[in-house]
Amino acid sequence: MQQKITPFIWYVDKAREAAQLYTSTFPRSKIKDESHFKDTPSDTPSGAIEIISIELMGQEFSLMSAGPHNELNPSISFMVHCKKEEEVDKYYNKLSKNGEVMMALDTYSFSKRFAFIQDKFGVSWQLLYTENAKESTIVPTLLFVGKNFGKAEEAIHLYTNIFKNAKVDVLEKYKKGEPNGKPGTVKYSSFIIENQRFTAMDGLGDHKFTFNDAVSFVVSCKNQAEVDYYWEHLVRGGKESQCGWLKDTFGVSWQIVPVQLEEYMSKDDSGRVMQAMLKMGKLDVKGLHAALKGTKVSR
């Protein structure tokens, strides 16, 4: 089954190095494909964009080197559920090297073995032993802080209503008297959209970060009708950007992308497609195809 939603991580210039670290750390992992786009409006030293597609534990991720933009932060992290405690230690030892430890590797009330770290590139990982886990998995995790604090439940319902093959598995809220939280806010959740698992929670405290473009989610659309649907529903209350990017009402970044784009960008005439895309907000399949062929859009 093709993955509908793909996490997309933006680095200044270290996407390749990050891909090598991650695929050498996790099992069932590999580098799938690399794309290079020269002479683009990029602040990278070469004026180029590099996108690397990888699999981690069988799940797809995209990593991009495209110059300085927003800094990576813990508002979106990746929770690695491990079947064995020794897995947590193994991943911790590799990913924490030259990084930052935010919660030390230790025993906590929710897990016998857990650590919260940022790797040397700034990507955040939550590593935990999960009893009775059928297999080890990586789950994107959204932390609602600052002006978004208390909105995790609203976001969960929004996403499970917009996307298909969706449901809420766990929605655990803070109770009166519990530390580190406010009664009624989300302590932990697990929900599925398009057959992919996500986690969201509210984070109490004076956090200095929020959602930005450093981590976004690519929604792969089979046709223009799907592009229109996801764009219309996700941008509501949010903000349009260019090249198919948008921010939803909470500031989470999404890329609404037709499947045809990958094919068009692999052609020798991809430069025209890139230039056309840079002028678009919501992507237009006919417009991209016309750019590829060097013709006018036929309506």
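Provided above is the structure to which this section pertains.
Residues numbered from 1 in each chain as written. Predicted model: local features only at pLDDT ≥ 70, side-chain atom pairs only at ≥ 80, totals over all residues. Heavy atoms only, no water.

Draft legend 1. Seen up close, the side chain of Q126. Within the element layout of this structure, Q126 appears in strand β8 (residues 124–129). The exposure class of Q126 is buried, given its relative accessible area of 8%. Polar contacts involving the side chain of Q126 include one to the side chain of S77, which spans 3.0 Å. Ignoring sequence-local partners within four residues, the contact set of Q126 consists of S77, F78, M79, V80, F114, A115, F116 and T141. (Helix = DSSP H or I, 4+ residues; strand = E, 2+ residues; numbered from the N terminus. Buried < 20%, exposed > 50% of the residue type's maximum accessible area, 1.4 Å probe, protein only. Polar contact = N/O pair within 3.5 Å; in protein donor to acceptor, adjacent residues only side chain to side chain. Contact = heavy atoms within 4.5 Å.)

Draft legend 2. Spatial organisation of the sheet that holds strand β3 (residues 49–56). Strand order in the open sheet formed by 8 strands is β2-β3-β4-β1-β13-β16-β15-β14, and the pairing between neighbours is mixed. With partners counted over all chains shown, the strands left at the sheet margins are β2 (30–37) and β14 (239–240), one partner each. Strand direction decides the pairing type here: strand β15 (residues 245–247) and strand β16 (residues 253–258), joined by 3 bridges, are antiparallel. Along β16, the bridge assignment pairs W245 with Q255. Packed onto the sheet, helix α1 (residues 15–25) meets β1 (5–11), β2, β3 and β4 (59–65) and runs at close to 10 degrees relative to β3. (Pairing = 2+ DSSP bridges. Axes fitted to C-alpha atoms, helices over the stretch in contact; angles between N-to-C directions.)

Draft legend 3. Representation of the packing of α1 against helix α2 (residues 85–95). Where α1 meets α2, the closest approach of the two axes is 10 Å, and the angle between their N-to-C directions is 160 degrees. Relative to α2, α1 is oriented roughly antiparallel. Pair α1 / α2 crosses with right-handed handedness. Each of L21, Y22, S24 and T25 in α1 lies in contact with α2, whose residues at this interface are K90, Y91, K94 and L95. (Parallel < 35°, antiparallel > 145°, perpendicular 65-115°, else oblique. Left-handed = near helix turned anticlockwise from the far one by under 90°.)

Draft legend 4. View of the sheet that holds strand β9 (residues 137–144). Strand order in the open sheet made by the 8 strands is β6-β7-β8-β5-β9-β12-β11-β10, with mixed pairing throughout. Edge positions in the sheet fall to β6 (100–108) and β10 (167–173), since each has one partner strand and no second. Strand-to-strand twist across the sheet, computed as the mean angle between neighbouring axes with direction ignored, equals 20 degrees. Where β10 and strand β11 (residues 186–193) come together, 6 bridges link them in antiparallel fashion.

Draft legend 5. Spotlight on the nonpolar core. Counting residues in each nonpolar core, the largest one holds 61 residues, and the members touching the most others are Y22, W125, Y159 and W254. Setting aside residues up to four positions removed in sequence, Y159 forms contacts with L142, F191, I193, L234, D248, F250, V252 and W254. Counting residues in hydrophobic clusters, the runner-up holds 23 residues, among them W245, V273, M280 and L292. (Core = buried A, V, L, I, M, F, W, Y, C linked by side-chain atoms within 4.5 Å.)

Draft legend 6. Representation of helix α3 (residues 152–162) within the structure. Among all positions in α3, only A152, A155, I156, Y159, T160 and I162 are buried. Along the axis of α3, the buried residues cluster in a sector spanning 165 degrees; they form a single face. Lining the buried residues of α3 we find β9, β10, β11, β12 (196–202), α4 (224–235) and β16. (Arc of directions from axis to C-beta.)

Draft legend 7. Structural view of empty space enclosed by the protein. Tallying each qualifying case throughout the model produces 2 cavities of 30 Å³ or more. By volume, the largest cavity amounts to about 50 Å³. Lining of the largest cavity is provided by L72, N73, S75, I76, F211, N212, A214 and V215. Partitioned by chemical class, the residues of the lining of the largest cavity number 5 nonpolar, 3 polar and no charged. Approximately 40 Å³ is the volume found for the second largest cavity. (1 Å grid on protein atoms, 1.4 Å probe; cavity = no way out; pocket = protein on both sides within 12 Å on 5 of 7 lines; lining within 4 Å. Points joined across faces, edges and corners; volume = space filled by probe spheres on them. Nonpolar A, V, L, I, M, F, W, Y, C, P; charged D, E, K, R; others polar.)

Keep in mind these values describe shape, not function.
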